[in-house]
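Understanding the architecture of this molecule
Letter by letter, the chains look like this.
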Amino acid sequence: MSTQSAACYNNQSLKRVILDKMKNLDQSSFSIIALLDNLLKNWWKISLLAVLFGLFALAYSTNNRPKYEAEAVFFARVDESDINLQNLVDLVGSPVTFSQYDRDLALNVVEKIILQVRNLAFTHAKTLDPTLSFEEFSANTFVERIQGEWFLRYRHQDPAIAQEIVNHWAALVMTQFKQDQEAARIEPFVRLELISTAERPNHPIYQNRRNLLIAGITMGLATGILLVDVKYRFFSAKTKGTR
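As the structure is a prediction and not an experimental result, all values here were calculated from the model. (Residues numbered from 1 in each chain as written. Predicted model: local features only at pLDDT ≥ 70, side-chain atom pairs only at ≥ 80, totals over all residues. Heavy atoms only, no water.)

Overview of the side chain of Asp-79
Within the secondary structure, Asp-79 is located in the loop between β1 (68-78) and α3 (100-107). Since its relative accessible area comes to 17%, Asp-79 is described here as buried. Residues in contact with Asp-79, not counting those within four places in the same chain, are Phe-189 and Arg-191. (Helix = DSSP H or I, 4+ residues; strand = E, 2+ residues; numbered from the N terminus. Buried < 20%, exposed > 50% of the residue type's maximum accessible area, 1.4 Å probe, protein only. Contact = heavy atoms within 4.5 Å.)

Below, the structure written as structure tokens:
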């Protein structure tokens, strides 16, 4: 085969490849356009399912008995006047400093104590609500740190019980902290104060209402799109084939 013939053959092969790709691209584009067109034509079905799922989620969250959240606030800090780092050096001979990482490690002892006395708090909670299980007690307990402040929260259907549990738990934390510091289990430069005890909550909390509503609408949209697409791909194709 001559060089000219080989070049002509290669050009023809290249043209066939390009045409095949363009054909496949056209078919793919047509499928996407047809799919979108079908979804737009059935928008009301998709919207109806989204509304129905959203209403179901809203009804579910409303039927759950509301709970009241009580909160106590601790303030933890590091008293650097009790830290003596003079004449101390690290392994490479640099002066030892008390870094932010060291402060965080020292202040995290508050969460450890909160969890340490959790069983005692649960025992007291059982005297207030005999039907309370440890799983339910744990699920309604929330501990959060924002800088030097630690928030201890508890939710219950009775606002007075929520308040009593949090205040009793906070008192246990302060007692345990003092005992551990006196026994040298906590560094002496860590300071902890109970700056706010729990007041009786007045407004109920409807748990996860917004999240449930968003989840319901999203599930409705996904279900609607899936049903419309399946009907278009399979049932419409069978109907056309039988005609």
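What follows continues from the structure just given.
Overview of the sheet that holds β1
Reading across from one edge, β2-β3-β1-β4 is the order of the 4 strands in this open sheet, with antiparallel pairing throughout. Each having just a single partner strand, β2 (141-146) and β4 (190-196) make up the two edges of the open sheet. Ignoring which end each strand starts from, the neighbouring axes of this sheet average 20° apart. Pairing geometry for β2 and strand β3 (residues 149-156), over 6 bridges, is antiparallel. Within the sheet, the bridge partner assigned to Phe-142 lies in β3 and is Arg-153. Here helix α4 (residues 109-116) sits on the sheet in contact with β1, β2, β3 and β4, set at roughly 25° to β3. Helix α7 (residues 159-182) contacts β1, β2, β3 and β4 of the sheet and is inclined by roughly 20° relative to β1. (Pairing = 2+ DSSP bridges. Axes fitted to C-alpha atoms, helices over the stretch in contact; angles between N-to-C directions.)

Considerations on a nonpolar patch on the surface
Side chains of Trp-43, Trp-44, Leu-48, Val-51, Leu-52, Leu-55 and Leu-58 sit close together on the surface and give an oily, nonpolar patch of about 710 Å² of accessible area. Mapped onto the elements, Leu-58 comes out in helix α2 (residues 43-63). (Patch = residues over 30% accessible without salt bridge, like charges linked within 9 Å, V, L, I, M, F, W, Y side chains within 5 Å. Areas by Shrake-Rupley, 256 points an atom, 1.4 Å probe, with all protein chains shown as cover. Salt bridge = Lys/Arg side-chain N within 4 Å of Asp/Glu carboxyl O.)

Concerning the confidence of the model for the protein chain
The predicted model of the protein chain averages 81 in pLDDT, with 74% of residues at 70 or higher. Counting contacts from residues 25-30, a segment whose pLDDT is below 50, to residues more than four positions away or on other chains yields 0 contacts. (pLDDT = per-residue confidence, 0-100.)

A look at the packing of α4 against α7
Interaxial distance between α4 and α7 falls to 9 Å at its minimum, and their mutual angle equals 120°. Note on packing geometry: the crossing formed by α4 with α7 is right-handed. Contacts from Ile-113, Ile-114 and Gln-116 of α4 reach α7 at Trp-169, Val-173, Gln-176, Phe-177 and Asp-180. By residue class, the composition of the contact of α4 with α7 is 5 nonpolar, 2 polar and 1 charged. (Left-handed = near helix turned anticlockwise from the far one by under 90°. Nonpolar A, V, L, I, M, F, W, Y, C, P; charged D, E, K, R; others polar.)

Focus on the pattern of salt bridges
Applying the stated criterion to the full structure yields 7 salt bridges. Asp-37 serves as the salt-bridge partner of Lys-41, at 3.2 Å between the closest nitrogen and oxygen. Here Lys-41 and its partner Asp-37 are both found in helix α1 (residues 3-41), 4 residues apart, which amounts to about one turn of the helix. Judged by its relative accessible area of 58%, Lys-41 is exposed. Taking the relative accessible area as the measure of exposure, Asp-37 reaches 36% and is therefore partly exposed. Between Arg-155 and Glu-69 there is a salt bridge, with the nearest N and O atoms lying 2.8 Å from each other. Of the two residues, Arg-155 is situated in strand β3 and Glu-69 in strand β1; the sequence distance between them amounts to 86 residues. Given the relative accessible area of 17%, Arg-155 is considered buried. Of the residues examined, Glu-69 reaches a relative accessible area of 23% and is grouped as partly exposed.

Focus on the packing of aromatic side chains
Following the criterion strictly, the structure yields 5 aromatic pairs and no others. Aromatic pair Phe-134 and Phe-137: ring centres 6.4 Å apart, planes at 35°, arrangement tilted. Here Phe-134 and its partner Phe-137 are both found in helix α6 (residues 134-139), 3 residues apart, which amounts to about one turn of the helix. With centroids separated by 5.5 Å and ring planes inclined at 25°, the aromatic side chains of Phe-137 and Trp-169 adopt a geometry described as stacked. Here Phe-137 is found in helix α6, whereas its partner Trp-169 is found in helix α7, with 32 residues between them in sequence. Relative accessible area serves as the criterion here: at 1%, Trp-169 is assigned to the buried category. Grouping aromatic residues by their ring pairs yields a cluster made of Phe-122, Phe-134, Phe-137, Tyr-154 and Trp-169. (Phe/Tyr/Trp six-rings, centres within 6.5 Å; stacked < 30°, edge-to-face > 60°.)

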